[in-house]
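Each chain is listed here by its residues.
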Amino acid sequence: MNDRQSSSGTAAGSPFNQPSADITLRSSDHVDFHVHRIILSQASPVFADMLAVPQPHPPTGHGDACPIVDVTEDSKTLRNLLLLCYPVNKPDLGSLDDIVSVLEGALKYDMEWPITMLTRDLLALIPLNPLRVWAIASRTGLDAVAKQAATDIRNRAVAPTTPISTLETLLQQEGVGVLDGVTAGQYFRLREFLRPTTAPAYLTRPTAPQNSSTRPFSTGFVYPSHVLQFSPPDVTLECPDGRQTGAHRLIIALNSPTLIPPVSLGASLIGLNSTQRPVVKVDLPIEVLSNLLRACYVGEEGLPTDLAALADIMTAAQKYQMLRVYSMVAERCWEKHAKAAPLEAYFVARQYTTLDPVLASAAAKKTLEKPLIGSYTPAMENTAAMVYHRLLKYHDACSQAVCTEIQRTKSDWVSAVTPLARGTDSGHSNAIPSSAVGWMKDRLESTKVTMKDGTCSPGKSLAEFNAYSLLSGAQSSGCNIWPYNHRSNFYKFMEAILKIETTLQPSVAAAISRASSLTTYLS
């Protein structure tokens, strides 16, 4: 709140220019709204608490000037918001853009009546634009509106169109920018709701599990246990919240040229006791600083297993040019835990924009080994929906590439084996049973279908397409292919089987590599 002359801002029109006004709200574009405290206090608990504090008198010479409160809303938004609070005709907010800006202001100032009215307006616009309404409701915390908008999207799908296809169509119409401000977790829950199920339910954000690797630190001076194994610390590192930890200058100097600048140490420290050692301010939380020092003193032993905590350490190592620490954590700790939880690793790596992009790309490729549908990690709640959208597109691209290879394999199989099922000898038939030809076609087609619908992951090993498994499968399905009186054709049949064994898996791996090289999916 500032005491300034209202003449420095443009005066708003009626009804916000009344002489009885006793406070001024100044918009971000410098328009002054002269309003009444009593109305603001009744409309907004936020303003009520703020105005309960005694206000300073205007400076001498300003006459009856009111105190001025600078707000972040522009004049159009602020005017519409105040009109909803005043006993006057209400503005016609017909567009979603107008509703969004005013709704965000109403939520910011906890204005119950404007929120109620704007919620009704949003509900009325669901039939016209369900995806945008869902996105607005999601990022403003209006779960009931988001659920109704998601239900509208689901109900628009008429067989054979699926709700997910309807969503993709709406995304194409609106542009992926509609997802701005939405989290990956919210987008995941929408897609899960749109999946075909017998009893669909709109999911709410799950409660995050307690992270056992994060230990609370007491306030004040904290001695990490690894420090006590050496001589007494000769420098104190202080975090922004005032908590401190001891360290040794030599150990830090061997790992970082910038964590303790020489100018911070002043004169020689020889002979200083623990109460006299210098204090160096470090712009890191105590948890991150302690883990960073632990990495400097004893390496990877005792470091957290949580990927976000490891990302914190690597980010801090980058900040203070600790190349050895960064490489150690990335290559030994991160890589090991990222392999076990690639989906979490992908989202965490995308949150930390300064980390090597290779970490996110490697994690994304690892996620191909399991279906993405239904897969969730709490890290999605702190990541933008666009990050998840790109991962979905990456999986789709890889699935399409794999399906192309499977289709090529199926065509080669049909070309090679179909002649063997016709029987060319005039005396007797030495043909391979036609059911064996069809069985392989069906098996390849089934794999392709599950790849397309997402229930089979593109990176899934196709090791079951080996000669032994294929021959056993053919026999168990009732296809008698053993070489009784058609030995020559059986040998050709086996050549076709062996070709699948030796070429399918490598061709699929090459297809995934080609799709992975299209970094636009993950950028």
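Residues numbered from 1 in each chain as written. Predicted model: local features only at pLDDT ≥ 70, side-chain atom pairs only at ≥ 80, totals over all residues. Heavy atoms only, no water.

## Focus on the overall build of the protein chain
Okay, step 1: Looking only at helices and strands, the protein chain has 19 helices and eight strands in total.
Okay, step 2: The buried share of the protein chain, reckoned over its 523 residues, is 47%.
Okay, step 3: At a minimum sequence separation of 6, the contacts of the protein chain that also span at least 24 residues come to 68%.
Okay, step 4: For the protein chain, the exposed area adds up to about 26,100 Å²; of that, 55% sits on carbon and sulfur atoms. (Helix = DSSP H or I, 4+ residues; strand = E, 2+ residues; numbered from the N terminus. Buried < 20%, exposed > 50% of the residue type's maximum accessible area, 1.4 Å probe, protein only. Contact = heavy atoms within 4.5 Å. Areas by Shrake-Rupley, 256 points an atom, 1.4 Å probe, with all protein chains shown as cover.)

## What to know about unusual backbone geometry
Okay, step 1: Going from Ser14 to Pro15, the amide bond is cis rather than trans, its omega being 5°.
Okay, step 2: With respect to the helices and strands, Pro15 occurs in the loop between strand E1 (10-11) and strand E2 (23-26).
Okay, step 3: Despite not being glycine, His30 has its phi angle at roughly 65°, a positive value.
Okay, step 4: Its place among the elements puts His30 in the loop between E2 and strand E3 (31-35).
Okay, step 5: Classification of His30 as partly exposed rests on a relative accessible area of 47%.
Okay, step 6: A positive phi angle, close to 55°, is found at Gln321, a residue other than glycine.
Okay, step 7: Along the polypeptide, Gln321 turns up in the loop between helix H12 (307-319) and helix H13 (323-340).
Okay, step 8: Assessed through its relative accessible area of 44%, Gln321 is described here as partly exposed.

## Digging into the packing of helix H7 (residues 143-156) against helix H8 (residues 163-174)
Okay, step 1: Where H7 contacts H8, the axes come no closer than 7 Å and their chain directions differ by 110°. If you check the angle between H7 and H8, you find them roughly perpendicular. Contacts from Ile153, Arg154 and Arg156 of H7 reach H8 at Pro163, Thr166, Leu167 and Leu170.
Okay, step 2: Classifying every residue of the contact of H7 with H8 by side-chain character gives four nonpolar, one polar and two charged. (Axes fitted to C-alpha atoms, helices over the stretch in contact; angles between N-to-C directions. Parallel < 35°, antiparallel > 145°, perpendicular 65-115°, else oblique. Nonpolar A, V, L, I, M, F, W, Y, C, P; charged D, E, K, R; others polar.)

## Here's the deal with the pattern of salt bridges
Okay, step 1: Summed over the entire model, instances satisfying the criterion amount to 21 salt bridges.
Okay, step 2: Here Lys410 ties to Glu445 by a salt bridge, and the two come within 2.7 Å at their closest N and O atoms. On the criterion of sequence distance, the pair formed by Lys410 in helix H16 (residues 385-417) and Glu445 in helix H17 (residues 434-452) is long-range, its members being 35 residues apart.
Okay, step 3: Since its relative accessible area comes to 15%, Lys410 is described here as buried.
Okay, step 4: Taking relative accessible area as the criterion, Glu445 reaches 27% and is therefore assigned partly exposed.
Okay, step 5: One connected set of salt bridges, linked through shared partners, spans Glu168, Arg191 and Lys393. (Salt bridge = Lys/Arg side-chain N within 4 Å of Asp/Glu carboxyl O.)

## What to know about helix H5 (residues 112-125)
Okay, step 1: With 14 residues, H5 ought to run about 20 Å at 1.5 Å a step, and its terminal C-alpha atoms sit 20 Å apart, in line with that.
Okay, step 2: All buried positions along H5 are accounted for by Pro114, Ile115, Met117, Leu118, Thr119, Leu122 and Leu125.
Okay, step 3: Lining the buried residues of H5 we find helix H3 (75-85), helix H4 (96-108), helix H6 (130-140) and H7. (Expected span 1.5 Å × (residues − 1).)

## Considering the nonpolar core
Okay, step 1: By size, the foremost hydrophobic cluster in this structure holds 150 residues, and its most contacted members are Trp134, Tyr187, Leu237, Trp334 and Phe347.
Okay, step 2: The greatest single-element share of this core, amounting to 13 residues, is contributed by H16.
Okay, step 3: Apart from residues no more than four positions distant in its own chain, Leu237 is found in contact with Arg243, Gln244, Thr245, Ala247, Ile252, Ile260, Val280, Val282, Leu289 and Leu293. (Core = buried A, V, L, I, M, F, W, Y, C linked by side-chain atoms within 4.5 Å.)

## Description of the sheet that holds E2
Okay, step 1: Spatially, four strands are ordered E1-E3-E2-E4 in an open sheet, and the strand pairing comes out mixed. The sheet is open, and its two edges are formed by E1 and strand E4 (68-70), each paired on a single side.
Okay, step 2: Taken together, the four bridges between E2 and E3 define a ladder with antiparallel strand orientation. Within the sheet, the bridge partner assigned to Ile23 lies in E3 and is Val35.
Okay, step 3: Contacts from H3 reach E2 and E3 within the one sheet, and its direction differs from that of E3 by about 15°. (Pairing = 2+ DSSP bridges.)

## So, the confidence of the model for the protein chain
Okay, step 1: Averaged over all residues, the pLDDT of the protein chain is 83; the fraction at 70 or higher stands at 82%.
Okay, step 2: Note that pLDDT drops below 50 for residues 1-6; the model gives that stretch 26 contacts with residues more than four away or on any other chain.
Okay, step 3: Scored below 50 in pLDDT, residues 266-274 shows four contacts in the model against residues more than four places distant or in partner chains. (pLDDT = per-residue confidence, 0-100.)

## Observations regarding the side chain of Thr24
Okay, step 1: Note that Thr24 resides in strand E2.
Okay, step 2: Among all residues touching Thr24, those that are not within four sequence positions of it are Asp32, Phe33, His34, Cys66, Pro67, Ile68 and Val69.

## Quick look at the pairing of strand E6 (residues 235-238)
Okay, step 1: Going residue by residue along E6, you find Val235 and Leu237 tucked away on one face and Thr236 and Glu238 tucked away on the opposite face as well.
Okay, step 2: Linking E6 to strand E7 (residues 244-247), which pair antiparallel, is a turn of five residues; within it Gly242 sits at a positive phi near 95°.
Okay, step 3: Two elements, E6 and strand E8 (residues 279-281), share three bridges in a ladder whose sense is parallel. Bridge pairing in E8 links Leu237 to Val280.

## Description of the environment of Lys410
Okay, step 1: Remark: the alpha-carbon pair of Lys410 and Asp442, spanning 32 residues in sequence, is separated by 9.2 Å.
Okay, step 2: If near-sequence neighbours (up to four positions away) are discounted, Lys410 is found in contact with Lys441, Leu444, Glu445 and Lys448.

## Topic: the environment of Ala338
Okay, step 1: With respect to the secondary-structure elements, Ala338 resides in helix H13.
Okay, step 2: Sequence-wise, Ala338 and Thr305 are 33 residues apart; in three dimensions their C-alpha atoms are separated by 9.8 Å.
Okay, step 3: Residue contacts for Ala338: discarding those within four places in its chain leaves Leu307 and Ala345.

## Brief notes about the packing of aromatic side chains
Okay, step 1: Inspection of every chain in the model, using the stated rule, returns nine aromatic pairs.
Okay, step 2: Seen in terms of ring centroids, Trp413 and Phe493 are 5.3 Å apart; in terms of plane orientation they differ by 75°. Their pairing is edge-to-face. Of this pair, Trp413 sits in helix H16 while Phe493 sits in helix H19 (residues 487-516); the two residues are 80 residues apart in sequence, bridging distant segments of the chain.
Okay, step 3: Accessibility expressed as a relative area gives 1% for Phe493, which makes it buried.
Okay, step 4: Joined through ring pairs, the aromatic side chains of Tyr187, Phe188, Tyr346, Phe347, Tyr376 and Tyr388 make up one cluster.
Okay, step 5: The ring of Phe193 carries Arg154 above its face, with NZ or CZ at 5.6 Å from the centroid. (Phe/Tyr/Trp six-rings, centres within 6.5 Å; stacked < 30°, edge-to-face > 60°. Lys NZ or Arg CZ within 6 Å of the ring centre and 35° of its normal.)

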